[in-house]
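The primary structure of each chain is shown beneath.
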Amino acid sequence: MLMTSQLFPSSLKGCMSSKNYMREGFSLGIESTADDFGVGIVSFDGEVLANVNDVYIPDKGGIHPREASRHHAIVAGRVIAEALRRAGIKPKEIDVIAFSQGPGLGPCLRVGATVARALASYLGKPLVGVNHCLAHIEMGRMVNRVKDPVTLYVSGGNTIVSAFEAGRYRIFGETLDIAVGNCLDVFAREAGLRPEPGKPLGAALEELASRGRRLIQLPYTVKGMDMSFSGLLTAAVNLLRGGKYPLEDLCFSLQEIAFSMLTEVTERALAHTEKVEVLLTGGVAANKRLQSMLRAMAEEHGAHFSVVSKEYATDNGAMIAWTGVLCYKYGLTIPIEKSFVRMKWRLDDVDVPWFGAH
Amino acid sequence: MTSTSHGSEHISSFPNQNSASQDYSTLGTLIKRGAEASIYLGVWYGRKVIFKRRLPKKYRLQELDRAIQIQRTKHEPQMIHKAKEAGVPTPIVFMVDLEEATIIMEYVEGKQIKNILNDLPSEERVKVCRQIGRLIGKLHKNGIVHGDLTTSNMILTPEGKIVLVDFGLSEQSTDLEYQGVDLHLVKRALASTHYNYVDECFNAIIEGYDEEMGPDSTKDVLDRVSEIEKRGRYIAER
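Rules behind the numbers
Residues numbered from 1 in each chain as written. Chains lettered and ligands numbered in written order. Predicted model: local features only at pLDDT ≥ 70, side-chain atom pairs only at ≥ 80, totals over all residues. Helix = DSSP H or I, 4+ residues; strand = E, 2+ residues; numbered from the N terminus. Buried ≥ 20, exposed ≤ 12 C-beta atoms within 10 Å, placed from the backbone. Pairing = 2+ DSSP bridges. Axes fitted to C-alpha atoms, helices over the stretch in contact; angles between N-to-C directions. Contact = placed C-beta atoms within 7 Å. Domains from an automatic or database assignment. Nonpolar A, V, L, I, M, F, W, Y, C, P; charged D, E, K, R; others polar.

1. Some words on unusual backbone geometry
Thought 1: Cis geometry is found at the peptide bond from A:G102 to A:P103, where omega equals -10 degrees.
Thought 2: Among the structural elements, A:P103 can be located in the loop between β4 (96-102) and α4 (106-123).
Thought 3: Within the chain, A:E274 stands out as a residue other than glycine whose phi angle is a positive 55 degrees.
Thought 4: Mapped onto the fold, A:E274 is located in the loop between α9 (247-273) and β11 (277-281).
Thought 5: Here A:E274 falls in the exposed class, since 11 other C-beta atoms lie within 10 Å of it.
Thought 6: Despite not being glycine, B:Y45 has its phi angle at roughly 50 degrees, a positive value.

2. Structural notes on the sheet that holds strand β2 (residues 36-43) of chain A
Strands in a sheet are paired, the pairing made by backbone hydrogen bonds, and the direction either parallel or antiparallel.
Residues and elements named next belong to chain A.
Thought 1: The strand order across the open sheet built from five strands is β3-β2-β1-β4-β5, with neighbouring strands paired in mixed fashion. On the outer flanks of this sheet lie β3 (48-55) and β5 (127-131), each paired with one strand and no other. Sheet twist, expressed as the mean angle between neighbouring strand axes with direction ignored, is 20 degrees.
Thought 2: Where strand β1 (residues 26-31) and β2 come together, six bridges link them in antiparallel fashion. Bridge pairing in β2 links L28 to I41.
Thought 3: Contacting β1, β4 and β5, α4 crosses the sheet at an angle of about 160 degrees to β4.
Thought 4: In the packing of helix α5 (residues 132-143) onto the sheet, the strands contacted are β4 and β5, and the crossing angle to β5 comes to about 85 degrees.

3. Quick notes on the domain arrangement of chain B
Residues and elements named next belong to chain B.
Thought 1: Once the domains are mapped, chain B shows domain 1 (8-106) and domain 2 (111-231).
Thought 2: Each of domain 1 and domain 2 was reduced to a C-alpha centroid, and the two centroids are 26 Å apart.
Thought 3: Across the contact, 13 residues belong to domain 1 and 13 residues belong to domain 2.
Thought 4: For the side of domain 1 that touches domain 2, the class distribution of residues is eight nonpolar, two polar and three charged.

Next up, the structure:
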């Protein structure tokens with residue numbers, strides 16, 4: 001590994017050792033892996049100055065990648081301007097441009113990447129390609145003041161149980177097929193539920209589930225440390241179409257089973273790694289039932305449980321900006337000509353040299 | 001949690017097999033507490049046995065928790081039996097109590113491979129590893145993956161037989177990925193506990209494995225093992 005001192009421009013050296021010498025530095029992060037187009041502006045010491053988001057809501061069905069990418073292209077300029085206005089800084093005051101380079105939907109990623117390249121090139125600032133999953137974990141660690149957790153990251157596109165081990169966030173358990181958020185969303189749509197601004201499908205499903213009482217048998221699939229949700233979804237949708245069960249009970253059962261699987265795998269990772277913190281993040285983290293299960297499990301192991309607040313648990317630009325700061329401090333910038341998006345970029349492919357450093 | 005009753009109905013010297021409420025935790029001493037189950041050592045009908053109990057998880061809905069416990073308590077003895085059919089020595093299962101999510105099985109007399117492997121003379125060590133490889137090969141050839149192949153789950157009996165235990169994570173699968181993970185776990189267990197003999201032991205295991213699986217399948221699985229290693233998964237020390 002390169003020595004950090006060699007990587008640092010002299011004006012930046014101070015910020016590692018003492019806050020007094022810190023030059024105000026700002027990172028602008030662009031998030032566009034799926035249905036959210038977000039721009040965050042974060043100072044080098046982790047203060048979030050702006051976190052603006054515009055979500056694409058399809059007329060019908062799930063996220064259509066091309067339509068979502070069009071949405072992103074249309075709102076990009078406005079969202080960036082709004083973020084700068086809220087942060088109260090000028091474009092030339094930004095020191096780093098970060099963007100979510102993957103994993104995610106290709107067309108959506110490419111909009112964010114294009115905007116980021118244009119900004120970096122126009123402003124003459126370094127570009128950082130950030131792993132989206134890594135950004136969720138790093139943002140959670142910062143805002144929740146968590147040091148070394150077992151993290152459960154659950155969203156519409158990802159289902160990952162990870163913990164830091166030997167230089168990287170290792171994946172201890174993950175989905176073998178679809179993400180848990182995807183499973184819940186597709187079921188909710190099949191049931192005729194609609195997302196609204198500020199109230200995603202998952203929230204509508206949770207509301208119905210809270211009125212369910214009866215547990216209906218559905219497949220519970222944990223294979224070693226990994227999980228499968230596709231069979232669960234198919235079975236739940238079939239029962240829904242059969243029309244024999246109240247929707248509330250189906251939502252209730254679907255949640256109970258999916259969340260029990262997640263908690264079981266998180267528990268195994270916790271027992272295996274002997275860590276003392278559990279962190280919950282991602283879009284599905286907002287679910288109160290999932291939170292209560294993980295809390296109960298963590299307490300049984302004497303571990304501290306915390307959940308990332310909704311603003312920073314769902315996809316957002318601030319987490320990309322913050323992870324951009326961490327990467328930049330360790331010289332992990334990329335030239336524009338090598339900034340291709342990486343649709344299947346794995347969390348455990350990324351070195352995390354800043355972990356544990358203060 | 002299911003209730004456990006004590007007292008008059010259990011005064012008889014034999015545990016009542018039809019009873020729904022046998023508290024096995026009083027019949028033995030806890031020797032291992034895992035994330036999935038607790039292992040007690042005790043005496044049952046005059047035999048030295050293992051009680052493997054799956055304890056309730058409070059975070060899960062009680063009804064669901066019961067269903068999962070029962071399913072797994074059924075699954076494990078079935079896999080133990082399938083392993084026997086494949087010619088792999090496994091403990092004798094005496095009784096399965098679904099109500100208490102408890103499996104009562106033979107306590108296998110012998111030494112854990114984990115504790116003896118390092119001290120064996122080289123020739124013996126290679127012989128033992130080749131035998132382990134043959135057993136794993138037999139499992140895989142018959143569509144069984146063990147799921148937790150550490151040397152603490154292998155017991156060398158005084159007669160020189162190797163018995164595989166703990167099928168709690170086992171699966172019925174011929175999937176190359178599962179077989180690769182199985183062998184990868186062996187390698188990791190060797191690297192953490194028998195680090196001076198990793199290559200010697202792993203090579204011998206593969207020789208034995210090859211005898212059962214044949215060179216083509218063995219190569220496929222080994223290729224998958226190196227792919228899994230590159231992926232960097234399952235890296236944490238056991």
